[in-house]
Amino acid sequence: AREAAQVAWASGEVHRWQQGQEAQAPAAVSSAMDMEGDADPSSFASRDALEAGMSAERVKEALQARGLKAGGRPAERVDRLWLALTTPRDQLPKSVFAKGGSLSAEANGAAAGGPQRSRDEHGRKCALLEAQLTELGRVLEGALTDTATFVEKQQARTYEEMEAELLAAEEGEEG
């Protein structure tokens, strides 16, 4: 499934997840920042609007996603996030980065190719996962059907059939 998905992605056959098709992607994978109702941090016009519009937990998650320190008081975290949103990553002071996160463009989605590359990579990963789950469903379809048939058959047995089955099992143990 992985190889087939990678070939389909490379040939441009995965329309739902590829560039320019974000509107067709399911809402469940749209953005980690808005899954719980909080807006994307970059959509706020001011630091105060950011503080009012995002929960403390979401601010912390946004900082962690960018490789920045996520500790301290909520107001300090909002200040740090606002600084990260308004300052180019290479101009941020080293003191705002988490251990091992300084100037790592990957954490900010600013790798060679910028945010578009990050979205394309996300789409490729989603397409691969979707292909793997589809294949798993296809492989398990027979087992699921057989199990459902067996359960229905067991539930439809009469009392006499159950007694006969128990009697046969007991005789099989004795013999």
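For the structure itself, look to the data block above.
1. Quick notes on a negative patch on the surface
Okay, step 1: A grouping of Glu170, Glu171, Glu173 and Glu174 is seen on the molecular surface, where their side chains present a negatively charged patch.
Okay, step 2: Considering the arrangement of structural elements, one finds glutamate 171 in helix 6 (residues 159-174).

2. Things to note about helix 4 (residues 74-86)
Okay, step 1: Helix length check: helix 4, at 13 residues, gives a terminal C-alpha distance of 18 Å against a target of 18 Å (1.5 Å per residue), a fit within 8%.
Okay, step 2: Of the positions making up helix 4, those classed as buried are Arg77, Val78, Arg80, Leu81 and Ala84. All buried residues of helix 4 project into a common sector of 160° when viewed along the axis, lining one side.
Okay, step 3: Structurally, helix 4 contributes buried residues whose contacts are with helix 2 (47-53) and helix 3 (56-65).

3. Side note on the side chain of arginine 77
Okay, step 1: Positionally, arginine 77 belongs in helix 4.
Okay, step 2: At 6.3 Å, glutamate 57 is the nearest oppositely charged side chain to arginine 77, a buried residue that forms no salt bridge.
Okay, step 3: Each residue touching arginine 77, except ones within four places of it in the same chain, is listed here: Ala56, Val59, Lys60, Leu63, Ala70, Gly71 and Gly72.

4. Details of the side chain of arginine 58
Okay, step 1: With respect to the helices and strands, arginine 58 occurs in helix 3.
Okay, step 2: Judged by relative accessible area, arginine 58 falls into the buried class, the value being 2%.
Okay, step 3: Only 2.4 Å separates the side chain of arginine 58 from the side chain of glutamate 61, close enough to count as a polar contact.

5. Comments concerning the nonpolar core
One recurring pattern in soluble globular proteins is that nonpolar side chains are buried together.
Okay, step 1: With 14 residues, the main nonpolar core has Leu50, Val59, Leu63, Leu68, Leu81 and Leu92 as its most contacted residues.
Okay, step 2: Excluding residues that lie within four positions of it along the chain, leucine 81 makes contacts with Pro41, Leu50, Val59, Ala62, Leu63 and Arg66.

Cut-offs applied
- Residues numbered from 1 in each chain as written.
- Predicted model: local features only at pLDDT ≥ 70, side-chain atom pairs only at ≥ 80, totals over all residues.
- Heavy atoms only, no water.
- Patch = residues over 30% accessible without salt bridge, like charges linked within 9 Å, V, L, I, M, F, W, Y side chains within 5 Å.
- Areas by Shrake-Rupley, 256 points an atom, 1.4 Å probe, with all protein chains shown as cover.
- Salt bridge = Lys/Arg side-chain N within 4 Å of Asp/Glu carboxyl O.
- Lys, Arg positive; Asp, Glu negative; His and termini not counted.
- Charge placed at Lys NZ, Arg CZ, Asp CG, Glu CD.
- Helix = DSSP H or I, 4+ residues; strand = E, 2+ residues; numbered from the N terminus.
- Expected span 1.5 Å × (residues − 1).
- Buried < 20%, exposed > 50% of the residue type's maximum accessible area, 1.4 Å probe, protein only.
- Arc of directions from axis to C-beta.
- Contact = heavy atoms within 4.5 Å.
- Polar contact = N/O pair within 3.5 Å; in protein donor to acceptor, adjacent residues only side chain to side chain.
- Core = buried A, V, L, I, M, F, W, Y, C linked by side-chain atoms within 4.5 Å.

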